[in-house]
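# Architecture and fold: a report
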Amino acid sequence: SYERLLMVQLIVYGRGQRMVLTRDVTQIEKLETTRRDFVANVSHELRTPLTVLAGFLETLKDMPDEALSAEQREQYMGMMLEQAQRMQAIVADLLTLSALEASPSAEPHPVGMRTLIEAARQQAEPLSAGRHQFIWNVDETLDILGTASELGSAITNLLVNAVRYTPEGGRITISWRREADGSARYRVVDTGIGIAAHHLPRLAERFYRIDRSRSRESGGTGLGLAITKHVAMRHDGELQIASELGKGSNFSIVFPAERISVAEDDAA
Ligand code: ADP
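In this text the structure is predicted, and so the values were computed from the model without any measurement. (Residues numbered from 1 in each chain as written. Predicted model: local features only at pLDDT ≥ 70, side-chain atom pairs only at ≥ 80, totals over all residues. Heavy atoms only, no water.)

## Overview of the overall build of the protein chain
The secondary structure content of the protein chain amounts to seven helices and eight strands. The buried share of the protein chain, taken over its 268 residues, is 35%. Taking all contacts inside the protein chain whose residues are at least 6 apart in sequence as the whole, residues at least 24 apart take part in 72%. Summed over its atoms, the accessible surface of the protein chain is roughly 16,000 Å², and 54% of this surface lies on carbon and sulfur atoms. (Helix = DSSP H or I, 4+ residues; strand = E, 2+ residues; numbered from the N terminus. Buried < 20%, exposed > 50% of the residue type's maximum accessible area, 1.4 Å probe, protein only. Contact = heavy atoms within 4.5 Å. Areas by Shrake-Rupley, 256 points an atom, 1.4 Å probe, with all protein chains shown as cover.)

## A short note on the UniProt feature "domain: Histidine kinase" (unreviewed entry) in the protein chain
Taking the numbering used here, the UniProt-annotated feature "domain: Histidine kinase" (unreviewed entry) corresponds to residues 41-259. For residues 41-259, helix accounts for 47% and strand for 20%, while the C-alpha atoms at its two ends are 35 Å apart. (UniProt positions renumbered as here; feature names shortened; annotations may be inferred.)

## A closer look at the site of the ligand
Residues in close proximity to the ligand total 21 residues, the closest being Tyr165, Ser215, Thr221, Gly222 and Leu225. Within the contact set of the ligand, an oxygen atom lies 3.2 Å away from a backbone nitrogen or oxygen of Ile210. One of the side-chain N or O atoms of Ser215 is found 2.6 Å from an oxygen atom in the ligand. Isolated, the ligand exposes 530 Å² of accessible area, and the fraction of that covered by the protein chains is 98%. Elements that contribute at least two residues to the shell around the ligand include exactly α5 (148-164), α7 (224-234) and β7 (248-255). Top contributing element to the shell around the ligand by residue count: α5, with three residues. In terms of residue class, the shell around the ligand is made up of ten nonpolar, eight polar and three charged. (Near = heavy atom within 4 Å. Polar contact = N/O pair within 3.5 Å; in protein donor to acceptor, adjacent residues only side chain to side chain. Nonpolar A, V, L, I, M, F, W, Y, C, P; charged D, E, K, R; others polar.)

## Considerations on the packing of helix α3 (residues 70-102) against α7
Between α3 and α7, the shortest axis-to-axis distance is 10 Å and the interhelical angle comes to 25°. By the angle between their directions, the pair α3 and α7 is classed as roughly parallel. Crossing hand, α3 versus α7: left-handed. Contacts from Asp93, Thr96, Leu97, Leu100 and Glu101 in α3 reach Ala226, Ile227, His230, Val231 and Arg234 in α7. (Axes fitted to C-alpha atoms, helices over the stretch in contact; angles between N-to-C directions. Parallel < 35°, antiparallel > 145°, perpendicular 65-115°, else oblique. Left-handed = near helix turned anticlockwise from the far one by under 90°.)

Here is the structure:
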């Protein structure tokens, strides 16, 4: 039907308009394909844990109580809970993403980055469970004009990813500093598995993952970087990624000078 629309419009507008119209229609088709792919991806992501969950329930339903030891029962329950939590995480990230897309940015307020980074640390360190060395390099006076909840998830995502994709014994360096040009950069550098160059351009797409099973095992949803990129954009910032396979990765969000505010030094 797009072709028909194009034909009709070509007849109506004549030769001069051809290029413009062709481009318009391609744009609509592209959006439509993106939307279809997204729905297919979401369905697939949710179907996997649901299938596992339903399988367990079916087995248990027909099983007489005495056929199941207390340990087995606990093990099954644990596995079912894990699948349910996985679905919860996916749905929560999807809601975050759609809120970012649907709503205009809230009135920007000075956000204490120091507090957000501390909150991210409290999530990342238990996940690391002592397997990594953390180095913190945080300018406590630099704040951002923006939305705290959004910035919090972006900052946490990058840090949690560094933990997920860095093997035991690795080093994770977090910095929040002003650049020479007045902008400010939140940066997470890890000595982890790294990323091959050809993946980099697509990394922040929804559900794009290099190693599905690794992401799943570590509790990833495949939406973290998509959310992070959105948050960066909503704060006039940019998500930058550099990485080398087998060596480690370097993720940062750069915020422009207009978004930076310097907190009062109340220690004085
Ligand atoms: P996930 O929930 O799978 O971690 P993300 O959107 O946060 O999803 O990241 C997308 C993919 O990018 C990950 O699945 C992983 O393959 C890759 N990735 C993200 N961060 C890192 C990192 N620090 N080191 C290596 N690979 C990473």
